[in-house]
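Read off the chains here:
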Amino acid sequence: MNAKPETDYDVIVAGGGAGGVGAALGAARAGAKTLLVEKYGFLGGAATNSQVLAYCGFFQQGKKPKKAVGGAGDLVLDALKILGSDPDAYCSETTGNWIILLDPEKVKLALDRVLLANGVDILLHTRVAAATRTANHIHSITLAGMDGRIRLSAEAFVDATGDANLALVAGIDCRQGNGKNQFQAASGPIRIGGLDADFVIERQVIVKAFEEYNTAGCKFPLTRHDGGIYTRVPGSSDMWWLMIDFPIQDLSSSSFTKAEIHMRAAANEYVAVLRENVAGFERAYLIQSGPQIGVRESRHPAARYDLSANDIRTGRKREDGIARAAWPMEDHSRPGNPVYEPVGGDGYAHIPMDCLRAKDINNLYYAGRVIGADPLAYASIRVMGTSFATGEAAGVAASMPNADTDQIRKQLSNGGSII
Ligand SMILES: Cc1cc2nc3c(=O)[nH]c(=O)nc-3n(C[C@H](O)[C@H](O)[C@H](O)COP(=O)(O)OP(=O)(O)OC[C@H]3O[C@@H](n4cnc5c(N)ncnc54)[C@H](O)[C@@H]3O)c2cc1C
């Protein structure tokens, strides 16, 4: 695809998480001149900015791991492997699901490498701040970065910001949370050091220590009572611990400020509880929280189709399917009490192209957790493996403005996506 002389890019992708990386790779590999814009100084989205240290959604549930996502996602796994990461399926001790464990520093480096190798232009420290549009077309976006504000035009745009920040500034209607102002809980995964490599972490001891903490007029009562989700961070003896859940009241900066301050204080307190009460944690210390709290849900911009819980429940297949949703519906509506509902049929449901298309704007596509989905289907499609797949499809579609779904599917198959 050749850029018209008056546009700066064929495709501009906003957001450098799994959805945005998939989109940028999909667009660039389809021949589009592609820019990826990310507000932090590194790529990876929640994996690197909130310590979500596992890729879910690459595999179906079952006794043996069965691949559901390939293509751009596999390029990332290959780049991780070159850096010494193990991209093989790991069975989560807590849920029995197949995941891929991550070292965040390797993720950052692998993503830089794979995007540059595929000819994607990258702008870090740069935030999408505004958009100009007509009734059904975005012409340009304004970027706020280290050199002030610049305006760039493109043939098509992909919103992969997780929070639908491009759609928001373009004035698109957005559902907040489940539409009743309720959001899946935010969480603060943390990394803990000071543990011996051969020390076996015992869940019941942690559960007991926090039962006692919770009843003693504690400062930060826990909503999670199962000891949380934990693993060792690959390549280290550090513990990755997902224990702190926090309800989101609304999407204001002041609510998020409260959540961040609470999460940081609670993280320090909980590590102290471990240090003082659990054998093996005597030298434990908090290596890192953040950089920001993990946001499971914020806003959902209007799409042409919302994937439904029933689509997932029945493992629905469709001729216009462009990606596979294989992760169970993992609902965190009640902080501390995740509920899992498996994918039906033969273990995956198709996500149709219309979930990735903005309702009224013809040259805006969605990738990652902003795609169209009802509240429960959202609890499946939001994971990062699936986000690579919806991202790749969004990038391919954005780079082929006149293509029908069959042509998009063909390009995806050529790229190795499993659809
Ligand atoms: C606590 C927690 C635990 C989770 N556990 C798992 C798990 O184990 N495995 C799993 O696969 N998924 C998990 N998830 C879900 C998953 O992390 C997200 O749904 C997923 O990261 C979505 O990918 P994304 O690319 O759509 O969004 P994100 O990963 O959020 O990436 C969006 C990117 O856009 C950038 N951005 C935002 N606004 C702008 C802007 N205006 N301009 C430029 N850039 C912008 C952000 O900085 C970010 O890098 C978890 C989520 C949370 C919060």
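Worth saying up front: this structure is predicted, and the values here are computed from it rather than measured.

Parameters and conventions
Along each chain, residues carry numbers from 1 onward, in the same order as the chain's sequence is written. Restriction of local features to residues with pLDDT of at least 70 applies here, the model being predicted, together with a cutoff of 80 or more for giving and counting side-chain atom pairs; totals for whole chains, interfaces and linings are based on all residues. Hydrogens are left out, water is left out, and the side-chain values use all remaining heavy atoms of the structure. Here a strand is any run of E in DSSP of at least two residues, a helix any run of H or I of at least four, and the numbering for each starts at the N terminus. Using a 1.4 Å probe on the protein chains alone, a residue whose accessible area is under 20% of its type maximum counts as buried, one over 50% counts as exposed, and one in between counts as partly exposed. Stacked, tilted and edge-to-face are the three classes applied to pairs of Phe, Tyr and Trp rings, where Trp contributes its six-membered ring and a pair requires centres within 6.5 Å; stacked means planes under 30 degrees apart, edge-to-face means over 60, and tilted covers the rest. Both a distance and an angle decide whether a charge sits over a ring: NZ of Lys or CZ of Arg must be within 6 Å of the ring centre and within 35 degrees of the ring normal. Any helix carries an expected span of 1.5 Å times its number of residues minus one. Note: two strands are recorded as paired if DSSP finds a minimum of 2 bridges between them. For helices, the fitted line uses only the C-alpha atoms of the stretch in contact; every axis is such a line through C-alpha atoms, and the angle between N-to-C directions lies from 0 to 180 degrees. Between two residues, a contact is recorded if the distance between any of their heavy atoms is within 4.5 Å. Here a salt bridge means any side-chain nitrogen of Lys or Arg lying within 4 Å of a carboxyl oxygen belonging to Asp or Glu. Note on convention: the crossing is left-handed when the near helix lies turned anticlockwise from the far helix by less than a right angle, right-handed when the turn is clockwise. Polarity classes work like this: nonpolar for Ala, Val, Leu, Ile, Met, Phe, Trp, Tyr, Cys and Pro, charged for Asp, Glu, Lys and Arg, and polar for all others, with Gly in that last group. Source of the domain bounds: an automatic or database domain assignment. Each polar contact in these results corresponds to two N or O atoms within 3.5 Å; when the atoms are within protein, one needs to be able to donate a hydrogen and the other to accept it, and residues that are neighboring in sequence are counted only if both atoms are side-chain atoms.

## Points about unusual backbone geometry
Looking along the chain, the bond that leaves G290 and enters P291 is cis, with omega of 10°. Mapped onto the elements, P291 comes out in the loop between β18 (285-289) and β19 (299-301). The backbone of H125 sits at a positive phi, close to 55°, despite the residue not being glycine. The residue H125 is located in the loop between β8 (121-123) and β9 (127-133) in this model. The exposure class of H125 is partly exposed, given its relative accessible area of 45%.

## As for the packing of aromatic side chains
Applying the stated rule across the entire model yields nine aromatic pairs. An angle of 90° between the planes, with centres 5.5 Å apart, marks the rings of F199 and F281 as edge-to-face. In this pair, F199 sits in the loop between β14 (190-193) and α6 (203-215) while F281 sits in the loop between α7 (253-277) and β18, placing the two residues 82 residues apart along the sequence. In this structure F281 comes out as buried when scored by relative accessible area, which is 0%. An aromatic cluster is defined as three or more aromatic residues linked by ring pairs; in this entry it consists of F210, Y213, W241 and Y270. In this structure, K108 packs its charged tip against the face of F42, placed 4.6 Å from the ring centre. When the ring centre of Y348 is taken as reference, the NZ or CZ atom of R324 above it lies at 3.8 Å.

## Focus: helix α1 (residues 18-29)
Along its twelve residues, α1 runs 16 Å from first to last C-alpha, staying within 8% of the 16 Å computed at 1.5 Å per residue. In terms of burial, α1 is largely enclosed, as eleven of its twelve residues are buried. All of the buried residues in α1 are A18, G19, G20, V21, G22, A23, A24, L25, G26, A27 and A28. Just beyond α1, the residue with positive phi is G31, at close to 100°.

## A look at the sheet that holds β18
As summarised here, the arrangement of the four strands in space is β15-β16-β14-β18, forming an open sheet in which the pairing is antiparallel. What marks the edges here is a single partner per strand, and that holds for β15 (229-232) and β18. Each strand axis lies, on average, 25° off the axis of its neighbour in the sheet, ignoring direction. Taken together, the three bridges between β14 and strand β16 (residues 239-242) define a ladder with antiparallel strand orientation. Bridging from a neighbouring strand, I192 pairs with M239 of β16. Together, β14, β16 and β18 form the strand contacts of α7, whose direction differs from that of β18 by roughly 155°.

## What to know about the pattern of salt bridges
The full count for this structure, using the stated rule, is 18 salt bridges. The residue D74 makes a salt bridge to K67 at a minimum N-O spacing of 2.5 Å. In this structure, the salt-bridge partner of R369 is D163, at a minimum N-O distance of 2.7 Å. Placement of the pair is R369 in the loop between β24 (364-366) and α9 (375-381) and D163 in the loop between β11 (148-159) and α5 (165-169), with a sequence separation of 206 residues. The exposure class of R369 is buried, given its relative accessible area of 15%.

## Description of the packing of α1 against helix α10 (residues 384-399)
At a minimum axis separation of 6 Å, α1 and α10 run at an interaxial angle of 35°. Where α1 crosses over α10, the two elements pack in a sense that is right-handed. Contact with α1, carried on its side by A18, G19, V21, G22, A23, G26, A27 and R29, involves M384, S387, F388, G391, E392, G395, V396 and S399 of α10 and no other residues of that element. Tallied by class, the residues present in the contact of α1 with α10 amount to seven nonpolar, seven polar and two charged.

## Observations regarding the domain arrangement of the chain
How big an interface is tends to be reported as the loss of accessible area on association of its parts. Domain assignment breaks the chain into domain 1 (9-181 + 298-414) and domain 2 (186-289). In this complex, domain 1 contributes 21 residues to the contact, which on the side of domain 2 involves 20 residues. The tally of links from domain 1 across to domain 2 stands at one salt bridge. Here R203 ties to E93 by a salt bridge, and the two come within 3.1 Å at their closest N and O atoms. Across the contact surface, domain 1 and domain 2 share four residue pairs in polar contact (both at pLDDT 80 or more).

## Description of the sheet that holds strand β7 (residues 98-101)
Judged by pairing direction, the sheet is antiparallel, and its three strands sit side by side in the order β3-β7-β6 without closing on themselves. Either end of the sheet is taken by a strand with one partner, and the two such strands are β3 (54-56) and β6 (90-91). Sheet topology places β3 next to β7; three bridges connect them, and they run antiparallel. Paired with C56 across the bridge in β7 is I99.

## Re the environment of K359
Tracing the backbone shows K359 in the loop between β23 (349-352) and β24. Sequence separation between K359 and I172 is 187 residues, and the spatial gap between their C-alpha atoms is 8.5 Å. For K359, the residues in contact, after removing those within four places along its chain, are A302, A303, R304 and Y366.

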